[in-house]
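Structural overview
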Amino acid sequence: MKYIIFIPILFFLSAIAAHAQEGDNSVSVSAARYIPSRTSIAFQVGNRKIPITVLQYGEANGIVCINVHDNETASVEGAKAVLEITGGTLIKIENYKQRVIRFKLNGISYGFDPNRIYSRVGIGQTLRDNRRVSKPAMDEIEKFAQRVLELIPDSASCIVALHNNTEEAFSIKSYMTGGNRQKDARAVYANDQQDVDDIILTTDSLLYQKMADAGYNSIWQDNERAKKDGSLSIHFGERARRYINIETQHGKVEQYKEMFEKLMAILAEEKEKSPGEPKDSL
């Protein structure tokens, strides 16, 4: 395994002031901005060196964002604008602005979706979806998946997946009665004033309720019954880790920023509670 690391340099312009207010969809902040430190790591998969960029905004604060699909740029742009103010970690797989990662192994070409590789079953299925599967290729991808997961510390209090989608190809309708993912949801809230493509999906009941209360299309994943497809949501749901996927249609940067700001306000509000004060629960 070969690592290419650039020494991270953090310029902290001034002390950050943040306060989350009940019912407000944004984080109230000063004019301070974090300039992120950058670490670049290259992981070998067959004949490919796949770069992963880690951006650290301020000190680690337990919020770890991950972007696995390099063509879903609006989510990254929207999240970065908020992380410059709130702080947090962003992990990004680089893949020439493509969704599917392609490589050769022993002269044979393979492809895989980097959000379907966090179980052996998922790896096999994504290879089949991309026309070719073999045990050596599965082993190679499994090692890559483990390296990605190792970048997310056990201390992370919330893992945020950054995604975009195509109009009505994947939406809140997918999880409602008659949808192809209906059985994957424990609860669904749909706001008919919101675009069906703008959604959150979470493993956590409290985040589901608070984002739904704010008016966003929301899905609480059934962590026991949801299809074992090798995705990060299934991986972290099975381990009772707090995970949320924020997703908008491609190009909707401002909508993405708004939804991400609301999440960060909720997390900041929770953090401000004294250690002795119990958190809300369903």
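That block above? That's the structure.
What counts and how
Residues numbered from 1 in each chain as written. Predicted model: local features only at pLDDT ≥ 70, side-chain atom pairs only at ≥ 80, totals over all residues. Heavy atoms only, no water. Helix = DSSP H or I, 4+ residues; strand = E, 2+ residues; numbered from the N terminus. Buried < 20%, exposed > 50% of the residue type's maximum accessible area, 1.4 Å probe, protein only. Contact = heavy atoms within 4.5 Å. Pairing = 2+ DSSP bridges. Axes fitted to C-alpha atoms, helices over the stretch in contact; angles between N-to-C directions.

What about the overall build of the protein?
- Regarding its fold elements, the protein presents 6 helices and 15 strands.
- Out of the 282 residues belonging to the protein, those deemed buried represent 54%.
- Long-range pairs, those at least 24 residues apart, make up 70% of the contacts in the protein between residues at least 6 apart in sequence.

Observations concerning the pairing of strand β14 (residues 217-221)
- Of all the 5 residues making up β14, 5 are buried; the element is thus mostly covered by neighbouring parts of the structure.
- Of the two faces of β14, the one carrying N217, I219 and Q221 and the one carrying S218 and W220 are both buried.
- Bridge count between strand β12 (residues 185-189) and β14: 4 bridges; the pairing is antiparallel. If you follow Y189 over to β14, its bridge partner there is S218.
- The pairing of strand β13 (residues 199-202) with β14 spans 4 bridges and is parallel. Residue pairing in the sheet places I199 in a bridge with N217 of β14.

Quick notes on the sheet that holds strand β8 (residues 88-93)
- Strand order in the open sheet formed by 9 strands is β5-β6-β8-β7-β11-β15-β13-β14-β12, and the pairing between neighbours is mixed. Two strands lie at the open edges of the sheet, namely β5 (37-45) and β12, each paired on one side alone. Neighbour-to-neighbour, the strand axes of this sheet turn through a mean angle of 20°, independent of strand direction.
- Pairing of strand β7 (residues 63-67) with β8, which is carried by 4 bridges, proceeds in the parallel orientation. The residue of β8 that forms the bridge with N67 is K92.
- In this fold helix α1 (residues 73-86) packs onto β6 (48-57), β7, β8 and β11 (158-165), with an angle of close to 145° to the strand it touches most, β11.

Focus on the environment of I91
- Residue placement: I91 occurs in strand β8.
- Since its relative accessible area comes to 1%, I91 is described here as buried.
- Here I91 is in contact with I52, T53, V54, V64, C65, I66, N67, L151 and I152, once residues within four sequence places are set aside.

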